Amino acid sequence: MDDQPRLMHSSHGVGMAGHPGLAQHMQDGTGGADDEGRKQDIGNILQQIMTITDQSLDEAQARKHALNCHRMKPALFNVLCEIKEKTVLSIRGAQEEEPPDAQLMRLDNMLLAEGVSGPEKGGGSAAAAAAAAAAGGVGSDNSAEHSDYRAKLSQIRQIYHTELEKYEQACNEFTTHVMNLLREQSRTRPISPKEIERMVSIIHRKFSSIQMQLKQSTCEAVMILRSRFLDARRNFNKQATEILNEYFYSHLSNPYPSEEAKEELAKKCSITVSQVSNWFGNKRIRYKKNIGKFQEEANMYAARTAANATSVSTHGSQANSPSTPNSAGGYSSPCYQSDRRIQ
DNA sequence: GGATATGATTTCCG
DNA sequence: CGGAAATCATATCC
């Protein structure tokens, strides 16, 4: 308990001038017990620690410089580096080589295929080509349908590229910063060039994993876009439904297209035959379920086909035309119900 | 968020 | 097997 003040006191007395530690201990050859000397040692060390912040910056720099210029320094540095490498690096040196990540490659390939990465769109971009190919190139409204798609896609591409660039820049900045830092520190710590290299590769790996997230989300966005516009998953395009409706209402009395008719419709609408079948199946049942709801539509198509028929040839097809006698005027409850071919 | 539209799928029947 | 009917799945609108 009462050691403390004394120790402090004594150390105060000695520590004043310069750096007394070792020399003083030796020279003073232990006039008393061992523990007395040890106490003094500890006192000195404590004192040095306490006063370390009192050193001026210049003094510290000077000492650092002196250390750096010491003739044994390079050798010592090498030895320390070696030891460090043996103990630390070998532990996790095994998992150095990573395979070129299948996931990342998949993403890259997809982005390339969709025209997000790769060459900037110059007339015949990969995206445009892919879009044209996917659509079968029959409908005349292709370009109109896909211009929206392309606009959105190029938006995505732009965002992707700016983000990517940002990441790259940040990565480079950070890398050079760390490298400078490590190089600076290698003057006082055993940091070998190899270690710096490793650090850089670690940083790159981290950043590329971030980039992968960017790629992932870009892929998702593109997929959503595709499913919206290209994959024909949802509604057929306007023209197709128009063609189908035209057929349906002009064959209202017997809305069962033959196999050939289905094929033709399929070709015209650039959909499959089974899709045509589905469409007619749905249409028939839904029309029957409430005719009232389709009244307007029926009138419209009836009028249209009637107009078409009259403009093309005045008579002829009138026999099996649905709008038979009273044409555009009172097209109330269509022949469907009375005809009841459906059931 | 429910209502509605619409294409696809499933189930049942003749 | 082709079609009717029910049902599912999803998009779109308010």
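Everything below is about the structure printed above this text.
Report follows, based on the coordinates. Bear in mind that the values here come from a model prediction, so they are computed numbers and not experimental data.

Regarding the packing of helix α10 (residues 238–250) against helix α12 (residues 273–289)
Then step 1. It is the contact of α10 with α12, at a shortest axis distance of 11 Å, that shows an interaxial angle of 55°. By the criterion of interaxial angle, the relationship of α10 to α12 is oblique. Read as a crossing pair, α10 and α12 show a hand that is right-handed. Facing T241, L244, N245, Y247, F248 and Y249 of α10, the residues of α12 in contact are V276, W279, F280, K283, R284 and Y287.
Then step 2. Class assignment of the residues belonging to the contact of α10 with α12 gives a composition of eight nonpolar, two polar and two charged.

Focus on the protein's contact with DNA strand B
Then step 1. What surrounds DNA strand B is the set R234, N235, F236, T241, Q275, N278, W279, N282, R286 and K293.
Then step 2. Close to the protein, within 4 Å, the atoms of DNA strand B are drawn from sugar and phosphate at a rate of 39%.
Then step 3. Take Q275: an N or O atom from its side chain is 2.7 Å from a phosphate oxygen of DNA strand B.
Then step 4. The separation between a base oxygen of DNA strand B and a polar side-chain atom of R286 is 2.7 Å.
Then step 5. Element by element, the count of residues in the surface near DNA strand B is highest for α12, at five residues.
Then step 6. Of the residues that constitute the surface near DNA strand B, the class distribution is two nonpolar, five polar and three charged.

A word on the nonpolar core
Then step 1. Ranked by size, the top nonpolar core spans 20 residues in total, and within it L244, F248, Y249, L265, V276, F280 and Y287 carry the most contacts.
Then step 2. Of all elements in the fold, only α10, α11 (259–269), α12 and α13 (291–312) reach the threshold of two or more residues within this core.
Then step 3. Residue contributions to this core peak at six residues, all from α10.
Then step 4. Membership of the second largest hydrophobic core comes to twelve residues, among which are L107, Y149, C219 and V222.

Remarks on unusual backbone geometry
Of all residues except glycine, most have a negative phi; of all peptide bonds, most are trans.
Then step 1. The backbone of S270 shows a phi angle near 50°, a positive value even though the residue is not glycine.
Then step 2. As for its position among the elements, S270 is in the loop between α11 and α12.
Then step 3. Its relative accessible area of 38% is what places S270 among the partly exposed residues.

A look at the protein's contact with DNA strand C
Then step 1. Taken together, ten residues surround DNA strand C, and among them R234, Y256, R284, I285 and K288 come closest.
Then step 2. When atoms of DNA strand C within 4 Å of the protein are sorted by moiety, sugar and phosphate together comprise 85%.
Then step 3. Here K262 contributes a side-chain N or O atom positioned 3.1 Å from a phosphate oxygen of DNA strand C.
Then step 4. Between a phosphate oxygen of DNA strand C and a side-chain N or O atom of R284, the distance comes to 2.7 Å.
Then step 5. The biggest single contributor to the surface near DNA strand C is α12, with five residues.
Then step 6. Taken together, the residues of the surface near DNA strand C sort by class into two nonpolar, no polar and eight charged.

Procedures and definitions
Residues numbered from 1 in each chain as written. Chains lettered and ligands numbered in written order. Predicted model: local features only at pLDDT ≥ 70, side-chain atom pairs only at ≥ 80, totals over all residues. Heavy atoms only, no water. Axes fitted to C-alpha atoms, helices over the stretch in contact; angles between N-to-C directions. Helix = DSSP H or I, 4+ residues; strand = E, 2+ residues; numbered from the N terminus. Parallel < 35°, antiparallel > 145°, perpendicular 65-115°, else oblique. Left-handed = near helix turned anticlockwise from the far one by under 90°. Contact = heavy atoms within 4.5 Å. Nonpolar A, V, L, I, M, F, W, Y, C, P; charged D, E, K, R; others polar. Near = heavy atom within 4 Å. Polar contact = N/O pair within 3.5 Å; in protein donor to acceptor, adjacent residues only side chain to side chain. Core = buried A, V, L, I, M, F, W, Y, C linked by side-chain atoms within 4.5 Å. Buried < 20%, exposed > 50% of the residue type's maximum accessible area, 1.4 Å probe, protein only.

Purely spatial values, then, with no claim about function.
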